[in-house]
Amino acid sequence: MKNMNELIKEISQLESKLHDKDFLLTWEQSPEELERVLKTAQVLKTMRGENIATNVFKNGLGISLFRDNSTRTRFSYASAINMLGLAQQDLDEGKSQIAHGETVRETANMISFCADAIGIRDDMYLGAGNAYMREVGEALDNGVKEGVLPHRPALVNLQCDIDHPTQSMADLAWLEEHFGGLDQLKGKKIAMTWAYSPSYGKPLSVPQGIIGLMSRFGMDVVLAHPEGYDLIPEVVEEAKKNAQESGGSFTPVTSMEEAFKDADIVYPKSWAPYKVMGERTELLRANDHAGLKELEKACLAQNAQHKDWHCTEDMMKLTKGGEALYMHCLPADITGVSCEEGEVEESVFEKYRIATYKEASWKPYIIAAMILNRKYQDVAGVLDDLLNESEKRVK
Amino acid sequence: MKNMNELIKEISQLESKLHDKDFLLTWEQSPEELERVLKTAQVLKTMRGENIATNVFKNGLGISLFRDNSTRTRFSYASAINMLGLAQQDLDEGKSQIAHGETVRETANMISFCADAIGIRDDMYLGAGNAYMREVGEALDNGVKEGVLPHRPALVNLQCDIDHPTQSMADLAWLEEHFGGLDQLKGKKIAMTWAYSPSYGKPLSVPQGIIGLMSRFGMDVVLAHPEGYDLIPEVVEEAKKNAQESGGSFTPVTSMEEAFKDADIVYPKSWAPYKVMGERTELLRANDHAGLKELEKACLAQNAQHKDWHCTEDMMKLTKGGEALYMHCLPADITGVSCEEGEVEESVFEKYRIATYKEASWKPYIIAAMILNRKYQDVAGVLDDLLNESEKRVK
Amino acid sequence: MKNMNELIKEISQLESKLHDKDFLLTWEQSPEELERVLKTAQVLKTMRGENIATNVFKNGLGISLFRDNSTRTRFSYASAINMLGLAQQDLDEGKSQIAHGETVRETANMISFCADAIGIRDDMYLGAGNAYMREVGEALDNGVKEGVLPHRPALVNLQCDIDHPTQSMADLAWLEEHFGGLDQLKGKKIAMTWAYSPSYGKPLSVPQGIIGLMSRFGMDVVLAHPEGYDLIPEVVEEAKKNAQESGGSFTPVTSMEEAFKDADIVYPKSWAPYKVMGERTELLRANDHAGLKELEKACLAQNAQHKDWHCTEDMMKLTKGGEALYMHCLPADITGVSCEEGEVEESVFEKYRIATYKEASWKPYIIAAMILNRKYQDVAGVLDDLLNESEKRVK
């Protein structure tokens with residue numbers, strides 16, 4: 001890893017408007033902006049490793065709003081705001097509520113009088129989560145403009161219906177670490193493929209986030225899934241466009257074998273059928289419990305037809321030298337461990353277990369880096385101050 | 001707004017025994033004590049605006065006990081203790097429990113070994129909430145006296161059956177800001193009036209808090225409600241007495257129109273019929289769910305007879321120059337927005353929306369000011385230190 | 001109490017490997033290690049009393065995992081991590097889950113990227129709680145070894161199926177305070193006795209913790225319970241062995257009277273029949289709700305045969321001079337107060353109420369002392385730094 005002074009210098013040379021916009025979709029950020037976040041995360045992680053405190057706030061709240069259960073993301077967010085000096089405060093609105101208009105405007109302001117960051121996870125409804133975040137963002141802008149809020153809290157997308165930018169950026173940071181640099185990713189083949197799981201309604205945001213981000217760095221991105229498991233068409237278009245611009249490629253295929261063939265990286269993960277996710281939103285809005293039960297049954301039956309989408313040792317042999325890097329956002333559905341039949345064979349997962357932990361370990365730093373870049377135009381200056389002071393994190 | 005040095009000097013000249021008593025009812029505090037809290041809140045708010053850290057605690061817990069759901073008050077309290085340097089810890093006793101005697105004494109001590117503030121919201125039972133807070137306060141006094149507790153935590157009334165002092169004081173701070181000083185409130189007419197809402201069991205503490213506090217500053221306080229929607233008689237007596245002493249007036253009327261006529265300020269808000277609140281306490285104590293259902297039905301039917309208590313544009317035309325300041329503790333029941341028929345017309349609310357947000361924005365600072373004045377006799381000295389150090393809140 | 005400089009010097013002279021192992025059972029620690037924790041707690045408590053900040057962390061998370069409801073322990077842990085400068089983050093896995101293997105390994109790492117302490121309470125299942133903690137500890141060790149975690153979080157046993165070390169050590173600190181030194185405990189008779197309570201399923205960890213720890217200091221430990229209310233045989237063996245080594249004695253008896261006779265200290269407290277706790281674990285694992293109901297009924301009936309195990313004034317007269325110190329981990333089941341018939345008569349409890357509060361007040365400091373000793377080999381040096389800096393906790 002580069003040393004901190006080099007990284008800080010590189011950050012100072014990257015143009016960025018991140019201080020002026022929320023990080024809601026990776027494809028709304030320029031390559032330089034993405035690099036700034038990655039390098040900021042690297043500096044923060046290095047500082048922690050060297051026992052240097054990264055507190056930039058003496059006080060302030062970091063608010064979290066989880067509309068879906070979460071352990072990993074919750075702890076990553078809590079870690080991120082804590083390392084910056086903020087205190088967590090959870091907004092518990094009830095899970096199934098879709099708020100709009102007046103309520104959103106008002107709540108966004110009421111919770112933000114002393115807030116410096118707001119993290120939202122809202123991935124249950126196609127067409128709703130990201131839109132909700134933008135509504136919150138506008139309410140915050142308006143609150144600042146009208147003199148209600150003393151400053152604009154940073155808004156962080158902790159997973160929505162479209163993207164999961166803290167996950168995909170953490171994945172990218174891990175790939176950068178693993179392969180020794182962003183430039184090393186050019187021409188690498190990454191297989192984002194569907195895999196069987198006995199569970200229902202997993203969001204599309206991880207595969208969408210991966211194809212939307214990895215296509216920015218000249219990689220050969222292959223997307224594989226059975227018929228009916230499409231992603232949001234606009235995101236697929238985005239990935240195609242990104243691949244062209246970055247000098248990589250984007251190839252949808254319909255078999256796991258084809259995707260794995262000669263891959264440098266494989267990311268086998270289950271998600272719900274696209275049509276099901278759409279219907280589910282309607283049923284949830286209508287509060288139709290019987291309908292939801294029916295849908296779940298149908299979905300699980302549909303899944304069960306594709307149990308052969310299984311990341312086995314034999315499948316791994318198809319990859320480049322039989323040694324592709326296995327990735328997962330965790331928890332994986334491991335056959336014989338967390339379920340009878342799942343996404344991945346136990347021996348494959350075990351081989352890459354520590355690798356997936358390291359992948360996950362980037363998330364707190366990525367979230368903190370997003371908040372810092374939203375807060376400061378001159379992030380390099382702030383990091384430089386922290387480094388010069390080198391206050392100990394632990395006595 | 002005055003500058004901070006002037007405010008701090010004024011604070012130092014106001015006599016106060018707030019360091020020696022809990023702030024449980026505004027009418028237990030002298031005018032000078034109320035002013036001290038207001039000015040302290042102004043200094044704290046100005047400091048935040050100027051990026052000056054207000055941490056007076058290096059560590060310590062700020063405990064919260066909410067016996068009723070709450071988003072606004074919860075965030076205000078969390079913001080207040082955070083800006084002082086405390087960490088929040090929630091005591092979740094279950095909502096419907098009325099604890100007494102041994103349990104209160106013991107719990108109060110057990111949670112307070114490292115506590116510097118305790119905020120309680122207990123507004124569900126007429127005759128119980130404020131009494132409970134005093135029981136906690138006595139247990140804490142006793143704990144200090146007996147050498148169990150190293151110091152006395154500040155107890156903050158975050159809403160009880162009688163008063164809602166953090167709300168009414170925030171409202172007063174907003175009026176002071178809006179009209180340019182406490183002295184500007186003399187002779188202003190404020191109409192605290194009932195308004196229709198399709199909801200049930202709203203506490204009486206907001207209207208009681210408003211008439212109990214605004215009557216202290218020479219205002220012409222008018223209280224309006226339909227028959228049967230009386231407030232606690234002792235509080236009404238308090239308001240009368242206050243008005244006489246402060247050179248203002250207190251006038252109960254039975255029509256919204258009369259209250260709005262030439263008013264400078266209107267505060268239209270629903271609350272439950274007094275008799276219903278009394279019966280509800282009995283039924284809750286008896287755990288009589290069927291009885292509670294019945295009561296709710298009767299109450300909603302009674303409410304529905306008064307749908308004409310509606311803050312419309314036409315009603316607003318009756319006020320001074322048609323331009324009275326509309327106030328609300330939020331959330332308001334807005335007709336056609338949050339309910340079919342409610343307290344206020346959408347166009348009226350929209351005109352004053354930002355004003356109500358600014359009103360609410362005072363609450364974190366009022367709560368922090370209450371805690372500081374409970375903790376320190378020489379609050380001016382503490383604020384002066386913070387100002388001299390001028391440590392940045394955000395790097 | 002000795003002054004802080006003396007205590008710190010004594011700490012520096014006590015050999016300890018606590019920085020290299022988790023504090024999961026008191027009998028796994030050497031006498032010198034136990035003394036170090038006691039003295040560290042004394043220094044921390046004195047510092048708080050003298051308004052000296054004890055923050056050794058600028059940031060970091062203190063994670064809590066409570067598999068059973070808890071107010072006292074929750075607040076003690078929150079207080080402990082707060083006084084060290086950590087922020088609390090609760091891991092809410094659902095209460096009845098017994099996690100194993102992959103899930104434990106993964107979760108332990110996922111929550112620990114920025115964690116400095118993890119407190120676990122898991123006392124519901126005989127044979128499971130302590131084992132779970134060791135599984136977490138191994139996962140953390142492995143995470144550090146593999147480069148996933150930047151440092152090893154301190155693991156604190158906040159009550160398991162075998163021991164309740166934060167309780168027993170707080171009890172010991174209180175005895176040391178009350179009697180004026182650890183050496184004063186030699187030859188004192190402590191009666192750990194069962195007492196009747198109308199509740200079901202109380203864990204065995206408090207009596208086990210008491211006999212396992214107090215037998216280390218030359219005390220005459222008497223354990224009394226009705227037939228069928230045995231403790232885990234291995235722990236009883238441990239107590240016997242400890243008593244021999246420390247020059248004290250360990251005597252199991254079958255009557256409360258015999259235990260109270262000439263006792264210096266009495267600890268009357270209910271716990272569940274051993275066999276019931278074993279069956280309960282099986283039924284919980286099998287998710288057999290009907291079976292659990294049956295078992296509860298049988299257990300309460302069995303308890304009811306022993307209502308004479310009651311700490312009355314008459315019983316207290318049997319103790320040394322009628323003036324033994326009454327202890328309890330709280331909350332006690334007080335006859336006529338918290339239940340119709342319980343562990344202790346109201347007048348007895350009332351006489352010792354403040355004493356039990358003081359007993360409880362040690363717990364936050366004991367927990368913080370355990371974390372410090374896990375974190376630093378040279379705790380004396382760290383405490384010395386804090387004392388020299390003498391930064392004010394409250395401005």
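All values derive from a computational prediction rather than experimental measurement.

A. Representation of the packing of helix α1 (residues 4-12) of chain A against helix α15 (residues 379-389) of chain A in the model. Residues and elements named next belong to chain A. Where α1 meets α15, the axes come as close as 8 Å, and the angle between the chain directions of the two elements is 160°. Overall, the two elements α1 and α15 adopt an arrangement that is roughly antiparallel. Read as a crossing pair, α1 and α15 show a hand that is left-handed. Across from Met 4, Asn 5, Ile 8, Ile 11 and Ser 12 in α1, the residues of α15 making contact are Val 379, Ala 380, Leu 383, Asp 384 and Leu 387. Residues of the contact of α1 with α15, tallied by class, amount to seven nonpolar, two polar and one charged.

B. The relation of the copies chain B and chain A, seen in detail. Mapping chain B onto chain A calls for a rotation angle of 120° and an axial translation of 0.0 Å; the resulting RMSD is 0.0 Å. The transformation relating the two chain copies, once decomposed into turn and shift, fits a three-fold axis. Distance from the rotation axis, computed per C-alpha, reaches its smallest value in chain B at B:Ala87: 4.4 Å. When the interface residues of chain B are mapped onto chain A, a mere 3% of them again lie at the interface, so each copy presents a different face.

C. Summary view of the relation of the copies chain C and chain A. It takes a turn of 120° to lay chain C on chain A, together with a shift of 0.0 Å along the axis; the resulting RMSD is 0.0 Å. A share of only 3% of interface residues in chain C that are also interface residues in chain A marks the association as one of differing surfaces.

D. Quick look at the pairing of strand β5 (residues 189-194) of chain C. Residue and element names in this part refer to chain C. For β5, the tally of buried residues reaches six of six residues, placing the bulk of the element in the interior. Residues Lys 189, Ala 191 and Thr 193 line one face of β5 and the alternating positions Ile 190, Met 192 and Trp 194 line the opposite face, and both faces are buried. Handedness of the crossover joining β5 and strand β6 (residues 220-224) through helix α7 (residues 205-214): right-handed. Pairing of β5 with strand β8 (residues 265-269), which is carried by five bridges, proceeds in the parallel orientation. Considered in β8, the bridge of Thr 193 is made with Pro 268.

What counts, and where the lines are drawn
- Every residue gets a number counted from 1 within its own chain, in the order that chain's sequence is written.
- A letter from A marks each chain and a number from 1 marks each ligand, given out in the order of writing.
- Residues qualify for local features only when their pLDDT is at least 70, as the model is predicted, and side-chain atom pairs are given and counted only at 80 or more; totals for whole chains, interfaces and linings, by contrast, use all residues.
- The basis for every side-chain value is the complete set of heavy atoms in the structure, and neither hydrogens nor water enter the calculation.
- Lines are fitted to the C-alpha atoms to define the axes, a helix being fitted only along its stretch in contact, and any angle between axes, read from their N-to-C directions, falls within 0 to 180 degrees.
- Helix numbering and strand numbering both begin at the N terminus, where a helix is a DSSP run of H or I of at least 4 residues and a strand a DSSP run of E of at least 2.
- Orientation is classified from the angle alone, with under 35 degrees giving roughly parallel, over 145 giving roughly antiparallel, 65 to 115 giving roughly perpendicular, and any other angle giving oblique.
- Working rule for handedness: look at the near helix, and if it is turned counterclockwise from the far one by less than a right angle, call the crossing left-handed; if clockwise, right-handed.
- Note on contacts: a residue pair is in contact if any heavy atoms of the two residues lie within 4.5 Å.
- Residue polarity is assigned by list, with Asp, Glu, Lys and Arg as charged and Ala, Val, Leu, Ile, Met, Phe, Trp, Tyr, Cys and Pro as nonpolar; anything else, Gly included, falls into the polar class.
- We superpose the copies by least squares over the C-alpha atoms of residues that have a pLDDT of at least 70 in both of them.
- Buried residues are those whose accessible area, probed at 1.4 Å on protein chains only, stays under 20% of the maximum for their type, while exposed residues exceed 50% and partly exposed ones sit between those limits.
- When the strands point away from the viewer, a crossover counts as right-handed if the route from the first strand across the helix to the second turns clockwise.
- Two strands are said to pair when DSSP picks up at least two bridges between them.

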